[in-house]
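Structural features, examined
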Amino acid sequence: MAVKQETGRGSAAIVGLMQLKDRPQVRSAAGYVLNFILGFIMSGSVIMEGLAPFGIAIVGRARAGWSGISCLIGACLGYILLGGFDWGIKYVATITLVFTVAFVFRETRIIRKAWFMPAAVSAVTAVTSFLNTYEFLNSFPNAVGVFTELVLAGAGTYFFSVALTPQETGGAAAEHRQAISLLLLFACLLMSLARVEIMGAVSIGRLLALLIVFTAAFKGGMLPGCAAGTALGLAMDMASGGGAFFVMAYSFAGLIGGTFSKHGRLLFLVSYIMANTVAVLWTWGGALRFELMCEVFAATLVFAMLPDTLLEFTGGIARLPASGTGESGLRRYAAARAERIGTAFRDLYGTVFRNLSATENDNDIATVFDRAAGTVCAGCKNKDDCWQKNFMDTLSIMNDATGPMLRRGKLVREDLAERFTDRCPSCYTFISTVNSELRGLMYRRQFRSRLNENRVAAYGQYKELADIIEGVARELNYAKGADPLAERRLKRFLRAMGTEADVSVFRDDRGRLRAIIESGHLGPLLRQDNYLEILSGILGTRLCRPPADEDISDRRLVVLEAEPLVASVGIAGVKKKGEPVSGDRGTYFKTDQGVLCVILADGMGSGEKAAKESINAVKTLEAFLRAGVDPAVAMKILNSVLLLKNGEEWGYSTIDLMCVDLFTGETSFYKYGAAPSFVKNGKAIRRVRCESLAAGVCAGEGSAPDIIRMRLKPGNVALIASDGVLVENSDAWLREMLIAGDGVDTKTLAKETLRAAVRQFGCEDDMTVLAVRVDRRA
């Protein structure tokens, strides 16, 4: 019980202290104490055997107010106690004048300028140093001392202000500036502590300096370790008054130790000790060499015992920022949003499609007879006899007539029993009215079917849109991303040419390297005929121009990793006899992803109307494929567009799409009602056929195109043709032609195939042939 009470009192005391430190009065008092300590310690930082400008600088940084008074008192005591009255009185006068200037200008806007206090401190230091140096005009060393002191006092004021001012904004440059300023502040503090020694062998200042170098090299790597070693080593050399030894030893050991910083603390410390030992042996025989080895040994023991959490906290300022971290985070955020949007559209499609799939029961043909009876029999004198006394007999007669009526599409007198027609005075009027109602029923069914079909096509685009958005999300989430090493190489080369440029080198979701160079002075590079070979050598990958010419200009250059495969395409076509234009439309192009797309559209019918249909179909499909949309999704979008056609502007089209990945040879045929295609591999001929209907005909779940996948190898030939070339599966002549020819010249192959088809079938339909050959890039 007593233990619990003691524990409770201890916890309450800790909580009380934490609350106490948040009080404004306590924080102000702590600030006054810190300024006093800084002033006292900085006044002991002596260089060049008698110069102490850093105490002046810290007072100039504190300015007026209670913080400035605290710092002034601390510096005055430090100068008098640590250096003696005769030496310190000059600095007491200097810092008093500095404080007076800050007090006089405390309420003016000029004191808020970053340059004012450093300039004022330098001016006051120059005046007091000149008055204190009577041999200034005829003694060059004193002139050097005065100049050094005023420069260091002014610079120290600026850097100490940056180091001790919280940086709420300013970006990476302000953060780096503050990190450098903090390093300089610690270096000046440690210069004062360098005179404090333990057992005459280990300097407190140099021990702490070594711990800082250890932390910077271990957490930041080579560059921060070398930078910290240079700054702190220079400070220790200035404090000792000797040659440039510590700067060499600290920076060299920081550089070597930082190289092994990723291999654990033990290997890092061993490498640092060995590098430091080498530095000592290089200059053996001078003063302080043995002391340095003792200090390194002591710092190693202390550093080995520091907890990881403390190292992580203190070493964070030395760690270089990982390049692209913010950009990759933004990409992942955008990818997650795109995925959620895609999922929302997919769920919406599922909800709507389930509602549209619920078919309406419109099969009650009895309504045809009910409506006809309501129109014709309402005023008949025999209505009670037919529809009340003999209702079951009349119902049986109508049921018997329904089957023949539906098969024929209309009702005739012979479909009705004679006992009904004999007693019905308006028999022909009744039959005519039934046929009118039957036509109305058929029209309504056709209209609802067409309306439902269009709704399915329209809402089906939600699913296709979801597929597109999810594809974009996958590309944004791609892990490889930027290539910093290649970017540095490219920037180095451009700078050597005198061109400053923004460079981006990355790999897309297919792994293809892309380089984008933006500058206002790309002319000298583009004027070299072999600039692609030069850039290929720099990036270590064979490059090629992008498919779009607008990606190359004097201000912007885009180059892509060259595909290992190339394709040649030949096209030949002839219009139907008697028509002004062909209803077929064929084209081919290469996308940014390195995929060759070959399209053949055959508009239904022939002539200008069919040509318009096929041209619109090819234009729509090409736009989606060039934008990077998956070919299957693009084909389904085209089918939906044709389903939602305006009858006067659109019609049906057979679509043949062939996509060849020129990196892998993976090939896919996408077909909507298209004629068979043929692929030649050596002496083997493969027939690629489809079973789907033309685009604009099929709807609902069966609206996807037929997809046939294979891999084309170098030397393989593919042939795509419209249905005018292949009539009633008569393809023996085409197989023989493919086997007999080598297919090297695709244009010749396409023309010869077309001529043979004309000899076989004449020009009774539009005819178009596209021949494709895949080879390895030379």
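Criteria and cut-off values
- Residues numbered from 1 in each chain as written.
- Predicted model: local features only at pLDDT ≥ 70, side-chain atom pairs only at ≥ 80, totals over all residues.
- Heavy atoms only, no water.
- Helix = DSSP H or I, 4+ residues; strand = E, 2+ residues; numbered from the N terminus.
- Buried < 20%, exposed > 50% of the residue type's maximum accessible area, 1.4 Å probe, protein only.
- Contact = heavy atoms within 4.5 Å.
- Salt bridge = Lys/Arg side-chain N within 4 Å of Asp/Glu carboxyl O.
- Pairing = 2+ DSSP bridges.
- Axes fitted to C-alpha atoms, helices over the stretch in contact; angles between N-to-C directions.
- Phe/Tyr/Trp six-rings, centres within 6.5 Å; stacked < 30°, edge-to-face > 60°.
- Lys NZ or Arg CZ within 6 Å of the ring centre and 35° of its normal.
- pLDDT = per-residue confidence, 0-100.
- Parallel < 35°, antiparallel > 145°, perpendicular 65-115°, else oblique.
- Left-handed = near helix turned anticlockwise from the far one by under 90°.
- Nonpolar A, V, L, I, M, F, W, Y, C, P; charged D, E, K, R; others polar.
- Expected span 1.5 Å × (residues − 1).
- Arc of directions from axis to C-beta.

**What to know about the overall build of the protein**
In terms of helices and strands, the protein carries 27 helices and 16 strands. Taking all 778 residues of the protein together, the buried fraction comes to 44%. By sequence separation, contacts in the protein at least 24 residues apart represent 67% of the contacts at least 6 residues apart.

**Thoughts on the pattern of salt bridges**
Counted under the stated rule, the structure contains 19 salt bridges. A salt bridge links arginine 556 to glutamate 518; the shortest N-O distance between them is 3.3 Å. Remark: glutamate 518 occurs in strand S4 (residues 513-518) and arginine 556 occurs in strand S6 (residues 556-561); sequence separation between them is 38 residues. One salt bridge in this structure joins arginine 777 and glutamate 563, with 2.9 Å as the shortest N-O distance. Of this pair, arginine 777 sits in the segment after strand S16 (767-776) while glutamate 563 sits in the loop between S6 and strand S7 (565-574), and the two are 214 residues apart along the sequence. Using a relative accessible area of 1% as the deciding quantity, one classes glutamate 563 as buried. Connected through salt bridges with shared partners, the residues Arg512, Glu563, Lys590 and Arg777 form a single ionic network.

**Examining the sheet that holds strand S10 (residues 653-661)**
Spatial strand order, S8-S9-S10-S11-S14: 5 strands in an open sheet with antiparallel pairing. Each edge of the open sheet carries a strand with a single partner, namely strand S8 (584-590) and strand S14 (706-711). The sheet shows a mean angle of 10 degrees between the axes of neighbouring strands, taken without regard to direction. Pairing analysis gives 7 bridges linking S8 to strand S9 (residues 595-603), with the strands arranged antiparallel. In the sheet register, lysine 590 faces S9, and the bridge partner there is leucine 596. Packed onto the sheet, helix H24 (residues 607-626) meets S8, S9 and S10 and runs at close to 160 degrees relative to S9.

**Digging into the packing of aromatic side chains**
Under the defined criterion, the tally for this structure stands at 16 aromatic pairs. Note on tryptophan 733 and phenylalanine 761: the rings are 6.3 Å apart at their centroids and 65 degrees apart in plane angle, and the pair reads as edge-to-face. Linking tryptophan 733 in helix H26 (residues 732-740) with phenylalanine 761 in helix H27 (residues 746-761), this pair joins segments that are 28 residues apart in sequence. In this structure tryptophan 733 comes out as buried when scored by relative accessible area, which is 12%. Taken together, Phe214, Phe218, Phe268, Tyr272 and Phe303 form an aromatic cluster joined through their ring pairs. In this arrangement the basic side chain of arginine 106 is found over the ring face of phenylalanine 103, its NZ or CZ atom lying 4.0 Å from the centre. One Lys or Arg, arginine 265, reaches over the ring of phenylalanine 303 and ends 5.6 Å from the middle of that ring.

**Structural notes on the sheet that holds strand S3 (residues 502-507)**
Ordered in space as S3-S4-S6-S5, the 4 strands form an open sheet in which the pairing is antiparallel. Strands at the two margins of the open sheet, each flanked by one partner only, are S3 and strand S5 (543-544). In terms of strand pairing, S3 meets S4 through 6 bridges, oriented antiparallel. For valine 505, the partnering residue across the bridge sits in S4 and is alanine 515. Here helix H21 (residues 484-496) sits on the sheet in contact with S3 and S4, set at roughly 150 degrees to S3.

**A word on the confidence of the model for the protein**
Per-residue confidence for the protein gives a mean pLDDT of 80; residues scoring 70 or more make up 83%. Between the elements of the protein, mean pLDDT differs from a low of 48, seen in helix H1 (residues 2-21), to a high of 94, seen in strand S11 (residues 666-672). Every residue in residues 1-8 is under pLDDT 50, and counting partners more than four places away or in other chains gives 0 contacts.

**A word on the pairing of strand S12 (residues 677-681)**
Of all 5 residues that make up S12, 4 are buried, and the element is covered over most of its length. In this sheet, strand S13 (residues 684-688) lies alongside S12 in antiparallel orientation, the contact comprising 5 bridges. Across the sheet, asparagine 681 pairs through a bridge with alanine 684, a residue of S13. A loop of 2 residues connects S12 with S13, the two strands running antiparallel in sequence, and glycine 682 in this loop sits at a positive phi of about 70 degrees. Alignment of S12 against strand S15 (residues 717-721), held across 3 bridges, turns out to be antiparallel. Following the sheet pairing, valine 679 is matched in S15 by alanine 718.

**Description of the packing of H26 against H27**
It is at 11 Å that the axes of H26 and H27 come closest, and there the two elements cross at 150 degrees. Relative to H27, the element H26 lies roughly antiparallel. Our pair here, H26 against H27, has a crossing hand that is right-handed. The segment H26 lies against H27, with Trp733, Leu734, Met737 and Leu738 engaging Leu749, Glu752, Thr753, Ala756, Ala757, Gln760 and Phe761. Within the contact of H26 with H27, the residues separate by chemical class into 8 nonpolar, 2 polar and 1 charged.

**Overview of helix H11 (residues 246-259)**
Since there are 3.6 residues in each turn of an α-helix, residues three or four apart along the chain are aligned in direction. Over its 14 residues, H11 extends 20 Å from the first C-alpha to the last, a length consistent with the 20 Å expected when each residue adds 1.5 Å. Residues Phe246, Val247, Ala249, Tyr250, Ser251, Ala253, Gly254, Gly257 and Gly258 constitute the buried set of H11.

**Some details on the packing of helix H10 (residues 222-240) against H11**
Running from N to C, H10 and H11 cross one another at 165 degrees; their axes reach a closest spacing of 7 Å. Taken together, the axes of H10 and H11 are roughly antiparallel relative to one another. The way H10 lies across H11 gives a crossing that is right-handed. Facing H10, whose interface residues are Met222, Gly225, Cys226, Gly229, Thr230, Leu232, Gly233, Leu234, Met236, Asp237 and Ser240, H11 presents Phe246, Val247, Tyr250, Ser251, Gly254, Leu255, Gly258 and Thr259. Its residues placed into classes, the contact of H10 with H11 shows 9 nonpolar, 9 polar and 1 charged.

**Some thoughts on H26**
Taken as a whole, H26 has its buried residues at Trp733, Leu734, Met737 and Leu738. For H26, the buried positions fall inside an angular range of 135 degrees around the axis, keeping them on one side. Exposed and facing more than 90 degrees away from the buried side of H26 are Glu736 and Ala740. Residues of H26 that are buried sit in contact with S12, S13, S15 and H27.

**Quick word on the side chain of asparagine 276**
Counting through the fold element by element, asparagine 276 comes out in helix H12 (residues 265-282). A relative accessible area of 2% places asparagine 276 in the buried class. Not counting residues up to four positions away in its chain, the partners in contact with asparagine 276 are Ala249, Ala253, Leu292, Met293 and Val296.

**Brief notes about unusual backbone geometry**
For arginine 63, which is not a glycine, the phi torsion comes out positive at approximately 60 degrees. Relative to the assigned elements, arginine 63 resides in the loop between helix H3 (53-62) and helix H4 (66-83). Look at arginine 63 and you get partly exposed, because its relative accessible area is 28%.

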